[in-house]
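Chain by chain, the residues:
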Amino acid sequence: MSRPLPKAGRYALRAASLAIALGVWQLLTSLDIDLWLRFSQFPTVTDVASAFADRLSGPDYWTDLTDSLTRILTGFLLAAVLGVATGVLVARSRLAEDLLGPLLEVLRPIPAIALVPVAILLFPSNEQGIVFITCTAAYFPVLVSTRHAVRALTPVWEEAVLTMGGGRWRILASVVLPGALPGIFGGLSVGIGVSWICVISAEMISGQYGVGYRTWQDYTVVDYAGVFVGMVTIGVLGWLTSTAVELLGRRLTRWLPRTSYAGGRTPRRARDTRSAVPVSPRAKEGIPHDQLV
């Protein structure tokens with residue numbers, strides 16, 4: 001069994017994989033390789049890097065970046081609040097499920113980008129329409145993951161709060177939301193990625209400024225290096241925002257038990273518990289050790 005790499009080695013391996021990919025790209029495009037794929041039509045890595053440097057020195061790039069980030073954050077935060085609230089409501093209330101469930105299931109398969117004509121007709125400005133499309137794109141992944149996470153909670157926790165005199169709001173704050181957090185953040189991670197796809201597409205169709213708008217303009221004037229600058233920008237922004245959501249999720253769910261695996265060896269938590277005092281079945285059910293009979 002191979003030994004695990006240290007953290008520095010893992011980062012070096014990741015950097016090497018990226019460098020190899022860029023090297024292959026540079027080689028195929030500089031040699032104008034045309035087999036089945038036409039790499040001769042692609043700009044080289046050096047061309048894209050030069051175009052990137054030119055964009056960074058101009059004001060339009062930063063304006064586009066600010067506009068796209070504002071749209072994505074506004075729409076995503078709205079989707080997070082509405083998706084979690086609706087998911088909890090549908091999962092906890094049969095009346096809400098009967099009233100909202102059919103409508104949501106009919107709307108959910110519709111691609112958010114297909115709502116561009118609706119947004120143009122519905123909202124007085126393109127800016128509001130793009131935020132609406134972004135919100136819709138992230139809303140349904142958050143809703144579905146929240147609903148499933150809440151329904152998967154064990155009823156023992158809720159019953160324990162009820163026996164101690166807790167009410168509906170206490171159950172919501174102490175059991176439902178904390179217990180569903182891992183599933184909720186799974187939906188948020190998916191939602192932020194889908195939001196980027198849809199906000200870029202919406203900017204290409206009806207936006208003014210923004211990374212998607214600029215990328216499409218570069219394509220129309222046959223500036224392929226500029227197109228790749230937009231693609232790289234979108235990829236980096238998507239990676240940064242997804243990483244931020246995942247880090248926030250780990251921070252808020254740090255109370256969860258986590259197993260650390262290292263090269264196929266016995267999990268660290270499992271090795272620690274083998275030397276612990278044996279636990280009775282009643283203790284495993286959550287009864288404090290000092291109350292066991």
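Conventions adopted
- Residues numbered from 1 in each chain as written.
- Predicted model: local features only at pLDDT ≥ 70, side-chain atom pairs only at ≥ 80, totals over all residues.
- Heavy atoms only, no water.
- Helix = DSSP H or I, 4+ residues; strand = E, 2+ residues; numbered from the N terminus.
- Buried < 20%, exposed > 50% of the residue type's maximum accessible area, 1.4 Å probe, protein only.
- Contact = heavy atoms within 4.5 Å.
- Areas by Shrake-Rupley, 256 points an atom, 1.4 Å probe, with all protein chains shown as cover.
- Phe/Tyr/Trp six-rings, centres within 6.5 Å; stacked < 30°, edge-to-face > 60°.
- Axes fitted to C-alpha atoms, helices over the stretch in contact; angles between N-to-C directions.
- Parallel < 35°, antiparallel > 145°, perpendicular 65-115°, else oblique.
- Left-handed = near helix turned anticlockwise from the far one by under 90°.
- Nonpolar A, V, L, I, M, F, W, Y, C, P; charged D, E, K, R; others polar.
- pLDDT = per-residue confidence, 0-100.
- Salt bridge = Lys/Arg side-chain N within 4 Å of Asp/Glu carboxyl O.

1. Some points on the overall build of the protein
Of regular secondary structure, the protein possesses 12 helices and 0 strands. Across the protein, helices and strands are ordered from the amino to the carboxyl terminus as α-α-α-α-α-α-α-α-α-α-α-α. Residue burial in the protein is summarised as follows: out of 293 residues, 32% are buried. A separation of at least 24 residues holds for 67% of the contacts in the protein among residues at least 6 apart in sequence. Total accessible area on the protein is roughly 18,700 Å²; 65% of this is exposed by carbon and sulfur atoms.

2. Notes on the side chain of Ser145
Looking at the element boundaries, Ser145 is found in helix H6 (residues 126-151). Every residue in contact with Ser145, bar those within four places of it in the chain, is listed here: Gly183, Ile184 and Gly187.

3. A few points about the environment of Gly83
Note that Gly83 resides in helix H3 (residues 59-92). Taking C-alpha positions, Gly83 is 7.5 Å from Thr146, a pair spaced 63 residues apart along the chain. Excluding anything up to four places from it in sequence, Gly83 contacts Tyr139, Val142, Leu143 and Thr146.

4. Observations concerning the packing of aromatic side chains
Per the counting criterion, the structure on display carries 8 aromatic pairs. Consider the rings of Phe39 and Phe42, whose centres lie 6.2 Å apart with planes at 70 degrees: the pair is edge-to-face. Members of the aromatic cluster, each reached through a chain of ring pairs, are Trp25, Phe39, Phe42 and Phe228.

5. Notes on the packing of helix H4 (residues 94-107) against H6
One way to put it is that H4 packs onto H6 with a least axis distance of 12 Å and a crossing angle of 135 degrees. Between H4 and H6, the angle is such that the two are oblique. In the crossing of H4 with H6, the sense of the turn from one axis to the other is left-handed. Residues Glu97, Leu104, Glu105 and Leu107 of H4 lie in contact with H6, whose contacting residues are Tyr139, Phe140, Leu143, Arg147 and Arg151. The class makeup of the residues in the contact of H4 with H6 is 5 nonpolar, no polar and 4 charged.

6. Focus on the confidence of the model for the protein
Regions with low pLDDT carry predicted coordinates that are not meant to be interpreted in detail. Per-residue pLDDT for the protein has a mean of 83; in total, 86% of the residues score no lower than 70. Low pLDDT, under 50, characterises residues 286-293; the predicted model gives this stretch 6 contacts beyond four residues in sequence or across chains.

7. Re the packing of H6 against helix H8 (residues 168-206)
Here H6 crosses H8 at 155 degrees, and the two axes come no closer than 7 Å. Classified by the interaxial angle, the pair formed by H6 and H8 is roughly antiparallel. Two packed elements cross with a definite hand, and for H6 against H8 that hand is right-handed. Across the contact of H6 with H8, the residue classes break down as 17 nonpolar, 9 polar and 1 charged.

8. Re the pattern of salt bridges
Between side chains of opposite charge, pairing is possible as soon as their charged atoms come close. Under the counting rule described, the total for this entry stands at 8 salt bridges. Across the pair Arg55 and Asp223 runs a salt bridge, and its minimum N-O distance is 3.5 Å. You can see Arg55 sitting in helix H2 (residues 45-56) and its partner Asp223 sitting in the loop between helix H9 (211-220) and helix H10 (224-252), a full 168 residues away along the chain. A relative accessible area of 22% means that Arg55 is categorised as partly exposed. What emerges from the salt-bridge pattern is a single network uniting Arg55, Asp218 and Asp223.

9. Some remarks on the environment of Gly187
Its place among the elements puts Gly187 in helix H8. Gly187 sits 48 residues away from Tyr139 along the chain, and the two C-alpha atoms are 9.1 Å apart. Once you skip the residues sitting within four places of it in the chain, Gly187 turns out to touch Pro141, Val142 and Ser145.

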